[in-house]
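Coordinates in review
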Amino acid sequence: MSFFSYRGKSLSVGRVPLASLAQKFKTPLYVYSQASLMDQYLSLKNSFSGRPLLICYALKANSNFSLCRVFKELGAGAEVVSGGELRQALRIGFSPSKILFSGVGKTRDEIRFGIKQKILAFNVESFEELKALGEVSAQMRLKASVSVRINFPIKAKTHPHTVTSGNLSKFGVNQKEAFLMYEWARKAKWLKIAGLHCHLGSQVFSSKPYVQAASLAKNFIRQLAMRKISLSFVDMGGGFGVGDETIDFSGIAGAYSQEFKEWPALGLVLEPGRFLVAESGILLTRIVHVKAGGKRKFLIVDAGMNDFLRPALYGARHPVVSLEKKTGKAEIFDVAGPVCESADFFARDLSLCAPKSGEFLGILNAGAYGFSMSSQYNFRPRASEVLVDGKTARLIRRRETFADLIRSEA
Ligand SMILES: Cc1ncc(COP(=O)(O)O)c(C=O)c1O
């Protein structure tokens, strides 16, 4: 269900016309629907019943304080991949007992900080990292919980940049090494084995790789059980796709209950990012110039690839729409940003009725990996963000200024 739709001629979020927000808060502007965030979370939660479930929202998708608060209030945990994200998760109020720390390059300082906070577990991605965790926890004389990220030999069909499984991937370890790591962790005095972790990739639409992963995880957990190693949870990661297709959660949930039925108390952890936030966000932008003299017609807009990188980085396709519906003869345009890069495009061959400079466009499904991947490239201040709850639109991040851009220069 989309929470962005035309009311009369105006694209609106609920009852609030988006053009009024673009006028008030200026553009480029990210707008999020709180109702949509809640709806996505609850629909996911309701799809996986029958065993203890913890949804750890992957902060990397969008780490805005107020947006993440919505999930925290609904009982979610957090999945973080850096010391910065861990600090932000704690600041937001996520309980440390619901925070998982993933990432291939955790430094000793980050590990130390995580141990001190008593987080739920470290998703350990290499033997060296496990040893570092063992060493640091022993120095601190504090227990650290471990979940080994296993890179199962499964191919999830997605963009090459968002595949995180397979033997060429830098993420996780193969099953053989994982086994040795669990054996090692069992003997380490200050480590506690907590779970098993896997994450197949991002923008995955088929339930098949999740079903395969569950079967492999079951076999692995059985082997651990034979060595008297038991787990508190199995973490099947995130990656649920968002776009034209929909993912079949019932197939995945069914496979999880079937494969893990011999361990009814085993908790299930999921780490969705995109699924929870992508469709809840829209990026509003203003047409700066209509450039129609050459072979192609361009709409040059005030948002650039620094604000929203996905189309340039992954060739991701996001619908671009006019905020005010018009009638009349449509023409074909390419929508490009102002950044000095040829990749700075949001749409090609877009059909629009008489667009004029000063008018607003909206880039849909921009809530995930939008603001969080934005930069100040070309010395461009980052955009503002607004959260709409019913009739109330609240600024949840102000636009950066020139002063912000130069603040850290020495
Ligand atoms: C370990 C891990 N968990 C969760 C996620 C979230 O993925 P998505 O936003 O596709 O759900 C990622 C994304 O890269 C990840 O690497």
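Here the structure is shown first, and the text comes after it.
For every chain, the first residue of the written sequence is number 1, and numbering continues from 1 along that sequence. Given that this is a predicted model, residues contribute local features only at a pLDDT of at least 70 and side-chain atom pairs are listed and counted only at 80 or more, while totals for whole chains, interfaces and linings are drawn from all residues. Each side-chain value is worked out from all heavy atoms of the structure, with water and hydrogens disregarded.

Any two rings among Phe, Tyr and Trp, with Trp reduced to its six-membered ring, count as a pair given centres within 6.5 Å; such a pair is stacked if its planes are under 30 degrees apart, edge-to-face if over 60, and tilted if neither. Applying the stated criterion to the full structure yields 17 aromatic pairs. Between Phe179 and Phe220, the ring centres sit 5.6 Å apart and the planes meet at 75 degrees, which makes this aromatic pair edge-to-face. On the criterion of sequence distance, the pair formed by Phe179 in helix α7 (residues 175-187) and Phe220 in helix α8 (residues 208-226) is long-range, its members being 41 residues apart. The buried label goes to any residue with under 20% of its type's maximum accessible area, the exposed label to any with over 50%, and the partly exposed label to all in between, with areas taken from a 1.4 Å probe on protein chains only. The exposure class assigned to Phe220 is buried, which follows from its relative accessible area of 2%. Ring centres of Tyr256 and Phe260 lie 6.0 Å apart, and the angle between their planes is 35 degrees; on these two criteria the pair is classed as tilted. Phe260 shares its class with Tyr256; the two are buried. A run of H or I in DSSP becomes a helix once it reaches four residues, and a run of E becomes a strand once it reaches two; helices and strands are each numbered from the N terminus.

A few words on the sheet that holds strand β6 (residues 77-80). Spatially, β5-β6-β7-β8-β9-β10-β11-β12 is the arrangement adopted by the eight strands of the closed barrel, whose pairing is parallel. Direction aside, neighbouring strands of the sheet carry axes that sit 30 degrees apart on average. Across three bridges, the pairing between strand β11 (residues 233-235) and strand β12 (residues 267-270) is parallel. What sits directly across from Phe233, in β12, is Gly267. The criterion used for residue contact is that any of the two residues' heavy atoms lie within 4.5 Å. Axes, fitted as lines to C-alpha atoms, cover a helix only where it is in contact. Angles between the N-to-C directions of the axes lie from 0 to 180 degrees. Against the sheet, α7 engages β8 (121-124), β9 (144-149) and β10 (191-197), with an angle of about 155 degrees to β10. Strand pairing is assigned whenever DSSP identifies at least 2 bridges connecting the two strands.

Together, Phe379, Phe402 and Ile406 line one region of the surface with nonpolar side chains, adding up to about 310 Å² of accessible area. For Phe379, the position within the fold is in the loop between β18 (360-363) and β19 (384-389). Surface patches are drawn from residues lacking salt bridges whose relative accessible area is over 30%; two like charges belong together within 9 Å, two nonpolar side chains (Val, Leu, Ile, Met, Phe, Trp, Tyr) within 5 Å. Computed with a 1.4 Å probe, the accessible areas rest on the Shrake-Rupley method; for each residue, only the protein chains presented here act as cover. What counts as a salt bridge is simple: a side-chain nitrogen of Lys or Arg found within 4 Å of a carboxyl oxygen of Asp or Glu.

The criterion is simple. A nonpolar core is a set of buried Ala, Val, Leu, Ile, Met, Phe, Trp, Tyr and Cys residues joined through side-chain atoms within 4.5 Å. Membership of the largest hydrophobic core comes to 103 residues, with the highest contact counts inside it found for Leu196, Met236, Tyr256 and Phe260. An automatic or database domain assignment supplies the residue ranges for each domain. Viewed by domain, this core spans two of them, domain 1 (4-33 + 278-406) and domain 2 (34-277), each represented by three or more residues. Excluding residues within four positions of it along the chain, Leu196 makes contact with Ser147, Val148, Ile150, Phe152, Tyr182, Ala217, Phe220, Ile221, Leu231, Phe233, Val234 and Asp235. In terms of nonpolar packing, the next biggest core, distinct from the first, is built from 19 residues, Leu29, Val31, Leu323 and Val388 among them.

Once that is clear, we can look at empty space enclosed by the protein. In this analysis a 1.4 Å probe is tested at points of a 1 Å grid over the protein atoms alone, and where it fits but cannot get out there is a cavity; an open set with protein on both sides within 12 Å along at least five of seven lines is a pocket; lining residues have an atom within 4 Å of a point. Grid points are joined across faces, edges and corners, and a volume is the space filled by probe spheres set on the points. Scanning all chains against the criterion turns up two cavities of 30 Å³ or more. A volume near 30 Å³ is recorded for the second largest cavity. Taken together, Ile287, Ser322, Lys326, Leu352, Cys353, Pro355, Glu359, Phe360 and Leu361 make up the full set of residues lining the second largest cavity.

A word on the state of the cysteines. In a disulfide, the sulfur atoms of two cysteines are held together by a covalent bond. Note on disulfides: each one is a pair of cysteine sulfur atoms within 2.5 Å. Counted according to the given criterion, the structure contains zero disulfides. Here Cys56 is not cross-linked by a disulfide; its sulfur's nearest cysteine counterpart is in Cys68, at 13 Å. Looking at Cys68, the relative accessible area reads 0%, which means it is buried.

To continue, consider the packing of helix α5 (residues 108-117) against helix α6 (residues 127-140). Packing of α5 against α6 leaves a shortest axis separation of 10 Å and a crossing angle of 55 degrees. As the angle between them shows, α5 and α6 are arranged oblique. The two elements α5 and α6 meet at a crossing, and its hand is right-handed. Between α5, through Arg108, Ile111, Arg112, Ile115 and Lys116, and α6, the contact on the second element is made entirely by Ala132, Leu133, Glu135, Val136, Ser137, Gln139 and Met140. Considering only residue class, the contact of α5 with α6 consists of six nonpolar, two polar and four charged. Each angle gets one of four labels, with under 35 degrees taken as roughly parallel, over 145 as roughly antiparallel, 65 to 115 as roughly perpendicular, and the rest as oblique. Each crossing is labelled by how the near helix is turned from the far one, with a counterclockwise turn of less than a right angle marking it left-handed and a clockwise turn marking it right-handed. Gly counts as polar in this scheme, as do all residues outside two lists: the nonpolar Ala, Val, Leu, Ile, Met, Phe, Trp, Tyr, Cys and Pro, and the charged Asp, Glu, Lys and Arg.

Ser202, Gly239, Glu271, Arg274 and Tyr369 are the nearest of the 15 residues found near the ligand. Polar contacts, as counted here, are pairs of nitrogen or oxygen atoms within 3.5 Å of one another; within protein the pair requires one atom able to donate a hydrogen and one able to accept it, and residues that are adjacent in sequence qualify only if both atoms are side-chain atoms. Arg274 is positioned with one of its backbone polar atoms (N or O) 2.8 Å from an oxygen atom of the ligand. In this structure, an oxygen atom belonging to the ligand sits 2.5 Å away from a side-chain N or O atom of Tyr369. Here the shell around the ligand is composed, by residue class, of three nonpolar, seven polar and five charged. Whether a residue is near a molecule or strand is decided by its heavy atoms; if any one of them lies within 4 Å of it, the residue is near.

So, on to the sheet that holds strand β1 (residues 4-7). Read across the sheet, three strands follow the order β1-β2-β3 without closing on themselves; strand pairing throughout is antiparallel. The sheet terminates laterally at β1 and β3 (16-17), the two strands that pair on one side only. Pairing analysis gives two bridges linking strand β2 (residues 10-13) to β3, with the strands arranged antiparallel. Bridge pairing in β3 links Val13 to Val16.

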